[in-house]
Amino acid sequence: MQKTPLTDWHAAHGGKMVDFAGWSMPVQYDSIMAEHAAVRCQAGLFDVSHMGRLRFASAAAESVLEGLTTRKIAGTPLGKIRYSLMCNEHGGILDDVLVYRLRELDGGDKFWMVVNASNREKIIAWLQRHDPNNQAGLEDRTFATAMIAVQGPLAVPLVHEMLGADIAGMGYYTGQFVEYRGYPLLVSRTGYTGEDGVELIAPSENAVSLWESILEKGAMAGFRPAGLGARDTLRLEAAMPLYGHELSEELNPAHADLGFAINLKDRQFVGRDAIVAAQNGTGIRRRVGLELEGRRPAREHCPVMMDGQVVGMVTSGTFAPTLQKPIAMAYIDPAYAEVGRLVEVDIRGKLHPATVVKLPFYSRP
Amino acid sequence: MNAEDLKYLESHEWVSVAQQNGQQIATIGISAFAVEQLGDIVHMELPSVGDSVTAGEEFGEVESVKAVSSMYSPVNGEVVEVHSAIVDDLSVLSDDPYEKGWLLKVKVDSLSDGLLDYATYKKQCESH
């Protein structure tokens, strides 16, 4: 199993370690509920070093990426980050990614990309296939760096003060390199929790000291390490899609209510024709939120039912710690997708009443 | 009940069998180790009085925030009492798993042949 620069730290500090996409990662330290609450009310630290970090050394990256992403990448302003999908020729979603255009400390203007851990090798192979001479200057920086998410209402003020850089003034989905203790640190106003916060990319050798500094400075304010369990409940309350659940190669983005991640106008990219065809075809599904009665959570693959007919499928579900009730995301027939609609969810043979609700389930105050 | 006096399944259910009115009645629950490993338990699905349970087969489910797990019966028999109120206060599972945290009482036809004594079960948990 792969280890992040922080894996040993987690194991030594009570992390319950699991295999996640081939990486040894903490699923929780003591309680998912407590870690979840810390992120909503104070702040939590997540090791997300398992995610793939790719750097593109050449300016040609702009046109290479533009031909492979559903969002318009060409002309991205310096310092801006875009959420995008990458699709195959059939419109199947290969991954959802963040594309960064950054000024590096030496003044260079470079593209970076963060991809899901489970898709890193696939995406690298895909990039190599479409850019066989590596005009884009692709380098896999996953093993040379660590990535730490600091998320919660107290995260930005603390990181702002600690780094002595203007972090509080950064816009959502922007990033910048700062020099911290003599090393380059990439700070972005991004996250996967529905809270304000930052994600930090540091050289591997600096990961433990950075992690411990933030924890130490935030200890009195209630900062705590949080695992993948809380990361999942937080992203689900915030209705953020997760690859392998809401997104997959079997899914065309047009069938999945992912219009916000697609720019078609005056662009050509792999998968475009298949997306346009799907938009004009049948079989459109809507991504909806469901709140279930009682306390029993629906999980992935539970059928959504109406009058004895299957009208959809749950893609993710849990007991929502903030809302204190079971929630789920599902793809369903648009005829049953309006907010307030009553449906049923079949949880292992038993039907449970559920209501279609507005997404996200939780928005920060 | 003392943890030391109970029998266990590898899958972390405990059972205690007592004679009541000439019948063998098994009280069934899940171990402190299981409760700790599951963490943040939010719901349980339990059978109804009159249902039959089969040794080694699922009798219910325990839902934590993280995942759902099956619970397996240590005995063959018929359910005579269900601790349904536990769903409203699942904290008794961690506070008192071997007394107030009981889940089922079953009129026993026979016991599972896979029951472990405390020492063997404890050893299994430690090697986890």
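This text goes with the structure placed above it.
Here we summarise the structure given alongside this text. Note that the structure is predicted; figures quoted are calculated from it, not measured.

Quick look at the overall build of chain A
For chain A, the helix and strand inventory stands at eight helices and 19 strands. Computed over its C-alpha atoms, the radius of gyration of chain A comes to 21 Å, within 12% of the 21 Å expected for a compact globule of 365 residues. Projecting the C-alpha coordinates of chain A onto the three principal axes gives extents of approximately 65 × 50 × 40 Å. In chain A, which comprises 365 residues, the share counted as buried stands at 48%. A separation threshold of at least 6 residues defines the contact pool for chain A, and within that pool the share at least 24 residues apart is 67%.

Regarding the overall build of chain B
The number of helices and strands found in chain B is three helices and nine strands. Ordered by position from the N terminus, the helices and strands of chain B form the series β-β-β-α-β-β-β-β-β-α-β-α. Relative to its length of 128 residues, chain B is compact, with a C-alpha radius of gyration of 13 Å against a globular reference of 14 Å. Once the C-alpha set of chain B is aligned to its principal axes, its extents read approximately 40 × 30 × 25 Å. The proportion of buried residues among the 128 residues of chain B is 38%. Taking as baseline every contact in chain B between residues at least 6 positions apart, the subset at least 24 positions apart corresponds to 62%.

Quick word on the environment of Tyr8 of chain B
Residue and element names in this part refer to chain B. Residue position: Tyr8 is located in strand β1 (residues 7–8). On a C-alpha basis, the gap between Tyr8 and Gly29 in space is 9.6 Å, while along the polypeptide they are 21 residues apart. Not counting chain neighbours up to four residues away, the residues in contact with Tyr8 comprise Glu13, Trp14, Ser31, Leu115, Leu116 and Tyr121.

Details of helix α2 (residues 32–41) of chain A
Residues and elements named next belong to chain A. Of all the ten residues making up α2, seven are buried; the element is thus mostly covered by neighbouring parts of the structure. Among the residues making up α2, those that are buried are Ile32, Met33, Glu35, His36, Ala38, Val39 and Arg40. Buried residues belonging to α2 abut β2 (23–28), β3 (44–47), β9 (145–151), β13 (224–225) and α7 (228–237).

Quick look at the nonpolar core
Residues Ile148, Val150, Leu200, Leu290, Ala328, Ala330 and Val345 of chain A are the most contacted members of the largest nonpolar core, which totals 136 residues. Other than its neighbours up to four places away in sequence, Ala328 of chain A contacts Leu290, Leu292, Ala298, Val314, Ser316, Gly317 and Val345 of chain A.

Things to note about the sheet that holds β1 of chain B
The strand order across the open sheet built from six strands is β1-β2-β3-β9-β8-β5 (chain B), with neighbouring strands paired in antiparallel fashion. Among the strands making up the open sheet, the edge pair consists of β1 and β5 (52–53) of chain B.

A few points about the packing of α2 of chain A against α7 of chain A
All names here are of chain A. At a closest axis distance of 9 Å, the pairing of α2 and α7 adopts a crossing angle of 55°. The orientation of α2 relative to α7 falls into the category oblique. In this structure, the crossing between α2 and α7 has a hand that is right-handed. Listed contacts from α7 to Ile32, Glu35, His36 and Val39 of α2 are Gly229, Ala230, Thr233 and Leu234. For the contact of α2 with α7, the per-class residue count stands at four nonpolar, three polar and one charged.

Thoughts on unusual backbone geometry
Residues and elements named next belong to chain A. In this chain, Leu359 is followed by Pro360 through a cis amide linkage whose omega measures -5°. Mapped onto the elements, Pro360 comes out in the segment after β19 (350–357). Even without being glycine, Ala239 reaches a positive phi, approximately 60°. Within the fold, Ala239 resides in the loop between α7 and α8 (272–279).

A word on the environment of Lys358 of chain A
Residue and element names in this part refer to chain A. Locating Lys358 in the fold gives a position in the segment after β19. Placed 68 residues apart in sequence, Lys358 and Leu290 show a C-alpha to C-alpha distance of 8.5 Å. Setting aside residues no more than four positions away along its own chain, Lys358 makes contact with Gly289 and Val339.

Considering the sheet that holds strand β4 (residues 41–45) of chain B
Residues and elements named next belong to chain B. Here three strands make up an open sheet; going across it, the order is β4-β6-β7 and the pairing antiparallel. Looking along the sheet, the strands with just one partner apiece sit at the ends: β4 and β7 (68–72). The mean angle between the axes of side-by-side strands here comes to 25°, regardless of whether they run parallel or antiparallel. By the bridge criterion, five bridges tie strand β6 (residues 58–64) to β7 in an arrangement that is antiparallel. Looking across to β7, one finds that Val62 is bridged to Ser69.

Quick word on helix α5 (residues 155–163) of chain A
All names here are of chain A. Looking only at α5, the buried set comprises Ala155, Val156, Leu158 and Val159. Projected down its long axis, α5 carries its buried residues within an arc of 165°, all on one side. Where α5 is buried, its residues touch β9, β12 (197–203) and α6 (207–218). Of the residues flanking the end of α5, it is Gly164, one or two places downstream, whose phi is positive at about 60°.

Some words on the environment of Ser58 of chain A
All names here are of chain A. In this structure, Ser58 sits in the loop between β4 (52–56) and α3 (61–66). Overall, Ser58 belongs to the partly exposed group, with 15 C-beta atoms counted inside 10 Å. For the pair formed by Ser58 and Leu138, sequence separation is 80 residues and the distance between their alpha carbons is 8.0 Å. Beyond its immediate stretch of four places on either side in the chain, Ser58 contacts Gln135, Ala136 and Gly137.

Overview of the pairing of strand β9 (residues 104–111) of chain B
Residues and elements named next belong to chain B. The pairing of strand β3 (residues 23–30) with β9 spans four bridges and is classified as antiparallel. Within β9, the residue paired with Ala26 across the bridge is Val106. In this sheet, β9 lies alongside strand β8 (residues 75–82) in antiparallel orientation, the contact comprising seven bridges. Bridge assignment links Val79 to a residue of β9, and that residue is Val106.

A word on the pairing of strand β17 (residues 325–332) of chain A
All names here are of chain A. Taking burial as the measure, the eight residues of β17 include seven buried ones, the bulk of the element. Summarising the sheet, strand β16 (residues 309–320) and β17 pair through eight bridges and their orientation is antiparallel. Directly across from Gly312, in β17, lies its bridge partner Ile332. In this structure, the hairpin formed by β16 and β17 is closed by a connection of four residues, where Gln324 is found at a positive phi of approximately 55°.

Rules and cut-offs
- Residues numbered from 1 in each chain as written.
- Chains lettered and ligands numbered in written order.
- Predicted model: local features only at pLDDT ≥ 70, side-chain atom pairs only at ≥ 80, totals over all residues.
- Helix = DSSP H or I, 4+ residues; strand = E, 2+ residues; numbered from the N terminus.
- Rg over C-alpha atoms; globule rule 2.2 N^0.38 Å.
- Buried ≥ 20, exposed ≤ 12 C-beta atoms within 10 Å, placed from the backbone.
- Contact = placed C-beta atoms within 7 Å.
- Core = buried A, V, L, I, M, F, W, Y, C linked by C-beta atoms within 7 Å.
- Pairing = 2+ DSSP bridges.
- Axes fitted to C-alpha atoms, helices over the stretch in contact; angles between N-to-C directions.
- Parallel < 35°, antiparallel > 145°, perpendicular 65-115°, else oblique.
- Left-handed = near helix turned anticlockwise from the far one by under 90°.
- Nonpolar A, V, L, I, M, F, W, Y, C, P; charged D, E, K, R; others polar.
- Arc of directions from axis to C-beta.

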